Amino acid sequence: QVQLVESGGGLVQPGGSLRLSCAASGSIFNINYMGWYRQAPGKQRELVASITPGDSTNYADSVKGRFTISRDNAKNTVYLQMNGLKPEDTAVYYCNGNVRTAIAQPYRPYWGQGTQVTVSS
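Residues numbered from 1 in each chain as written. Predicted model: local features only at pLDDT ≥ 70, side-chain atom pairs only at ≥ 80, totals over all residues. Heavy atoms only, no water.

1. Comments concerning the nonpolar core
What counts here: For the purposes of this section, nonpolar cores are sets of buried Ala, Val, Leu, Ile, Met, Phe, Trp, Tyr and Cys residues that join through side-chain atoms within 4.5 Å. Think of it in three bands: with a 1.4 Å probe and only protein chains considered, a residue is buried below 20% of the maximum accessible area for its type, exposed above 50%, and partly exposed in between. Secondary structure elements follow DSSP: runs of H or I no shorter than four residues count as helices, runs of E no shorter than two count as strands, and numbering proceeds from the N terminus. Working rule for contacts: check all heavy atoms of both residues, and any pair within 4.5 Å makes them a contact.
Among the nonpolar cores identified, the biggest contains 29 residues, and Trp36, Leu80, Met82 and Tyr93 are the most heavily contacted of them. Those elements that place two or more of their residues in this core are β1 (2–7), β3 (18–26), β4 (30–39), β5 (46–51), β7 (67–72), β8 (77–82), β9 (91–100) and β11 (115–119). With sequence-adjacent residues up to four places away left out, Leu80 is seen in contact with Leu18, Arg19, Leu20, Trp36, Val48, Ala49, Phe67, Thr68, Ile69 and Tyr93.

In structure tokens:
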């Protein structure tokens, strides 16, 4: 069994910063792709940022220049540093990882439970 647990969400004023963390634990052989997604009320879940084991990154246009994704492979943890937050960044943020539980097993996607980020004055 694999668990992804997010932390670091909360309420912040426009222009403020938050740092989200997502730690994967359990029967992990290795993790390749890791990403952050978000879902605002009434909207579909969307990709925010992703990162490969070699630290290649991809960002949604709406967050480029404001958000930074990083990972610590030794700790099976991915981070999302969010600066210059805007009210439209308000959403539940989910962590996603493609995890292999053994060398002979395929990679499977796992999701965290989500953490609420609210940007409001």
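After that view of the structure, there is still more to cover.
2. Considerations on the state of the cysteines
Formally, a disulfide is one covalent bond, and it connects the sulfur atom of one cysteine to the sulfur atom of another. Operational definition: Note on terminology: pairs of cysteine sulfur atoms within 2.5 Å are recorded as disulfides.
For the structure shown, the criterion picks out 1 disulfide. Across the disulfide from Cys22 sits Cys95; the S-S distance is 2.1 Å. Residues Cys22 and Cys95 are joined by a disulfide whose S-S torsion is about -80 degrees; by sign, that bridge is left-handed. With Cys22 in strand β3 and Cys95 in strand β9, this pair connects stretches of sequence that are 73 residues apart. Neither residue differs from the other here; Cys22 and Cys95 are each classed as buried.

3. Here we look at the packing of aromatic side chains
Keep this limit in mind: When the centres of two rings from Phe, Tyr and Trp lie within 6.5 Å, Trp using its six-membered ring, the rings pair. Their planes under 30 degrees apart give stacked, over 60 give edge-to-face, and anything left gives tilted. By definition here, charges over rings are those cases where NZ of Lys or CZ of Arg is within 6 Å of the ring centre and within 35 degrees of the ring normal.
On inspection of all chains with the given rule, the structure shows 1 aromatic pair. Between Arg19 and the ring centre of Tyr79, over which it is positioned, the NZ or CZ distance is 4.1 Å. When the ring centre of Tyr94 is taken as reference, the NZ or CZ atom of Arg45 above it lies at 3.7 Å.

Keep in mind these numbers describe shape, not what the thing actually does.
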